[in-house]
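Geometric and topological summary
Residues per chain, in single letters:
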2 protein chains.
Amino acid sequence: MVQPYELFYWPHIQGRGEFVRLALEEAGAEYADVARGPGGVDALAAALKEGPTPSFAPPFLRADGMTIGQTAAILMYLGERHGLAPQDTAGRLWTHQLQLTLADLVNEAHDTHHPIGIALYYEDQREQARRRAGEFTAARIPRFLDYFARVLGGQDYLLGPQRTYADLSLFQVLEGLAYAFPRASARALARHPNLSALRRRVAERPRIAAYLQSPRRLAFNEEDIFRHYPELDG
Amino acid sequence: MVQPYELFYWPHIQGRGEFVRLALEEAGAEYADVARGPGGVDALAAALKEGPTPSFAPPFLRADGMTIGQTAAILMYLGERHGLAPQDTAGRLWTHQLQLTLADLVNEAHDTHHPIGIALYYEDQREQARRRAGEFTAARIPRFLDYFARVLGGQDYLLGPQRTYADLSLFQVLEGLAYAFPRASARALARHPNLSALRRRVAERPRIAAYLQSPRRLAFNEEDIFRHYPELDG
């Protein structure tokens with residue numbers, strides 16, 4: 001019997017774990033979202049230090065006797081195992097490259113509300129956040145979206161007719177940007193109908209659509225990476 | 001005939017390209033560092049937009065008919081091709097996970113001098129940089145180094161007796177931290193002689209030692225990711 005996956009991530013946010021959840025859902029894989037179960041965050045904290053391949057931070061995935069950390073590495077594994085990426089070297093690397101570029105965008109989105117320090121509250125760095133978000137909304141969002149729109153072109157998905165984990169992640173980033181920066185993101189997307197089309201195309205995939213309607217999909221909130229602070233939405 | 005590699009990266013800094021250079025050097029691979037050649041940065045800028053797998057930013061590598069972007073993806077490719085990572089799935093993923101965690105540390109090191117915006121000068125965000133670097137030197141450097149020291153344990157290299165690209169990258173990060181934050185980094189390393197031993201072990205590998213003595217190795221400087229601003233070294 002195939003052991004179901006165990007995903008370890010914070011139970012109250014989408015965060016970086018959401019990229020893994022979307023891949024597991026699209027694969028139709030059976031998985032436990034451990035910290036949302038009876039063990040709670042204690043189970044997460046305990047597992048973080050266990051075993052020969054400990055993670056620096058969540059998310060990490062127990063699969064097939066391994067414990068795999070780092071979002072992009074987890075997705076690479078799921079991509080190979082569930083047909084969420086091409087099998088050939090060039091396609092596999094290109095999918096991963098796109099994922100890592102999305103991860104850069106996610107890091108920058110996070111930094112908008114925590115420019116001075118991750119250990120400090122947003123309220124203690126609000127003015128600096130306003131300046132940092134100004135650059136992000138005016139220059140960085142357009143630059144990243146221009147890039148992905150150019151890669152996508154007239155195709156259905158980033159690599160062509162077949163969806164990969166990078167498409168699921170791009171969908172999630174577009175959802176997050178629309179939540180956190182509705183004005184800046186609408187402005188950037190207005191120039192790229194192909195990105196809006198991809199966003200809908202992913203949302204309408206049967207397993208993703210079912211997931212988004214389910215209680216398994218957490219709501220965006222202001223503890224998460226993508227936070228809606230209207231004063232940051234330039 | 002095997003085509004030599006072409007590395008595209010900024011010509012005046014180590015930056016993220018240095019992780020790729022170290023892997024190419026350790027592999028004994030023939031490569032052109034294109035923007036340091038006659039074409040200069042114009043060749044880099046032109047190549048950035050070419051081909052079916054464009055990069056969002058340097059570094060990227062032309063290899064075997066492919067163009068591969070994102071430091072960690074390039075290293076994964078070189079690791080597979082040159083024995084700089086295990087071949088089995090678990091070992092390959094673990095090496096990559098460690099690399100991605102080092103990339104997180106590098107991002108945080110960069111943010112210390114650019115907390116408010118990458119498009120602004122350091123001089124225009126000096127006070128915010130001081131606060132951000134305070135957290136980095138007091139909390140983040142120790143936490144990351146504790147993690148890597150625990151993974152390394154009493155082994156010669158992070159995965160055991162065989163060096164991988166993650167060891168080369170850890171070496172580079174330790175060099176960078178020692179340059180940028182000599183006091184904070186000495187304090188954290190004092191608790192982890194095994195990390196200092198790994199740093200020496202990598203530096204003394206014949207090909208790495210030759211590279212570090214060669215004109216190909218650029219000096220650290222204040223245009224780079226690791227910058228020595230004494231006021232940030234808490």
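Per an unreviewed UniProt entry, chain A is named Glutathione S-transferase, and its organism is Massilia jejuensis.

**Regarding the sheet that holds strand S4 (residues 66-69) of chain A**
Residue and element names in this part refer to chain A. Here we have four strands laid out as an open sheet, ordered S2-S1-S3-S4, and mixed in their pairing. One side of each edge strand has no neighbouring strand; the edge strands of this open sheet are strand S2 (31-33) and S4. Neighbouring strand axes in the sheet, compared pairwise and without regard to direction, differ in orientation by 20° on average. Bridge count between strand S1 (residues 5-8) and strand S3 (residues 60-63): three bridges; the pairing is antiparallel. Bridging from a neighbouring strand, Leu7 pairs with Leu61 of S3.

**As for the relation of the copies chain B and chain A**
At an RMSD of 0.0 Å, chain B and chain A line up after a rotation of 180° and a shift of 0.0 Å along the axis. Taken together, the rotation angle and the small translation identify this as a two-fold axis. For chain B, the minimum C-alpha distance to the rotation axis belongs to Pro115 of chain B and amounts to 2.6 Å.

**Brief notes about helix H5 (residues 126-152) of chain A**
Maximum bend of H5 of chain A: about 40°, positioned at Thr137 of chain A. Just past H5 of chain A, the residue Gly153 of chain A takes up positive phi, approximately 55°.

**Quick notes on unusual backbone geometry**
Residue and element names in this part refer to chain A. Along the chain, Pro58 connects to Pro59 via a cis peptide bond; the corresponding omega equals 0°. Tracing the chain through its elements places Pro59 in the loop between helix H2 (40-48) and S3. A positive phi angle, close to 55°, is found at Asp64, a residue other than glycine. Following the sequence through the fold, Asp64 ends up in the loop between S3 and S4.

**Comments concerning the environment of Glu222 of chain A**
All names here are of chain A. Take Glu222: it is sitting in the segment after helix H9 (206-213). Through-space distance from the C-alpha of Glu222 to that of Gly91 is 36 Å; in sequence the pair is 131 residues apart. With residues up to four places along the chain from it excluded, the contact list for Glu222 reads Tyr179, Arg227, His228 and Tyr229. Of the polar contacts made by the side chain of Glu222, one reaches the side chain of Tyr179; its length is 2.6 Å. From its side chain, Glu222 meets the backbone nitrogen of His228 in a polar contact 2.9 Å long.

**A look at the pattern of salt bridges**
Residue and element names in this part refer to chain B. Under the criterion given, the structure shown has 35 salt bridges over all chains. Between Arg216 and Glu25 there is a salt bridge, and its shortest N-O distance comes to 2.8 Å. With Arg216 in the segment after helix H9 (206-213) and Glu25 in helix H1 (residues 17-27), this pair connects stretches of sequence that are 191 residues apart. Here Arg132 ties to Asp111 by a salt bridge, and the two come within 3.5 Å at their closest N and O atoms. Of this pair, Arg132 sits in helix H5 (residues 126-152) while Asp111 is found in helix H4 (residues 89-113), placing the two residues 21 residues apart along the sequence.

**Considering the interface of chain B and chain A**
With 47 residues of chain B in contact, the opposing surface of chain A contributes 47 residues. On inspection of chain B and its partner chain A, the count reaches two salt bridges. Two residues, Arg92 of chain B and Glu80 of chain A, come together in a salt bridge whose shortest N-O distance is 3.0 Å. If you look at where chain B meets chain A, you find 24 residue pairs in polar contact (both at pLDDT 80 or more). Elements that contribute at least two residues to the side of chain B that touches chain A include exactly strand S4 (66-69), helix H3 (71-82), H4 and H5 of chain B. Looking at the side of chain B that touches chain A, the element that brings in the most residues is H4 of chain B, giving 13 residues.

**Points about the UniProt feature "domain: GST N-terminal" (unreviewed entry) in chain A**
In the numbering used here, UniProt assigns the "domain: GST N-terminal" (unreviewed entry) feature to residues 4-86 of chain A. Secondary structure across residues 4-86 of chain A divides into 39% helix and 18% strand, with the first and last C-alpha atoms of the span separated by 23 Å.

The rules we used
- Residues numbered from 1 in each chain as written.
- Chains lettered and ligands numbered in written order.
- Predicted model: local features only at pLDDT ≥ 70, side-chain atom pairs only at ≥ 80, totals over all residues.
- Heavy atoms only, no water.
- Pairing = 2+ DSSP bridges.
- Helix = DSSP H or I, 4+ residues; strand = E, 2+ residues; numbered from the N terminus.
- Axes fitted to C-alpha atoms, helices over the stretch in contact; angles between N-to-C directions.
- Least-squares fit on C-alpha atoms with pLDDT ≥ 70 in both.
- Bend = angle between axes of the 7 residues up to and from the residue.
- Contact = heavy atoms within 4.5 Å.
- Polar contact = N/O pair within 3.5 Å; in protein donor to acceptor, adjacent residues only side chain to side chain.
- Salt bridge = Lys/Arg side-chain N within 4 Å of Asp/Glu carboxyl O.
- UniProt positions renumbered as here; feature names shortened; annotations may be inferred.

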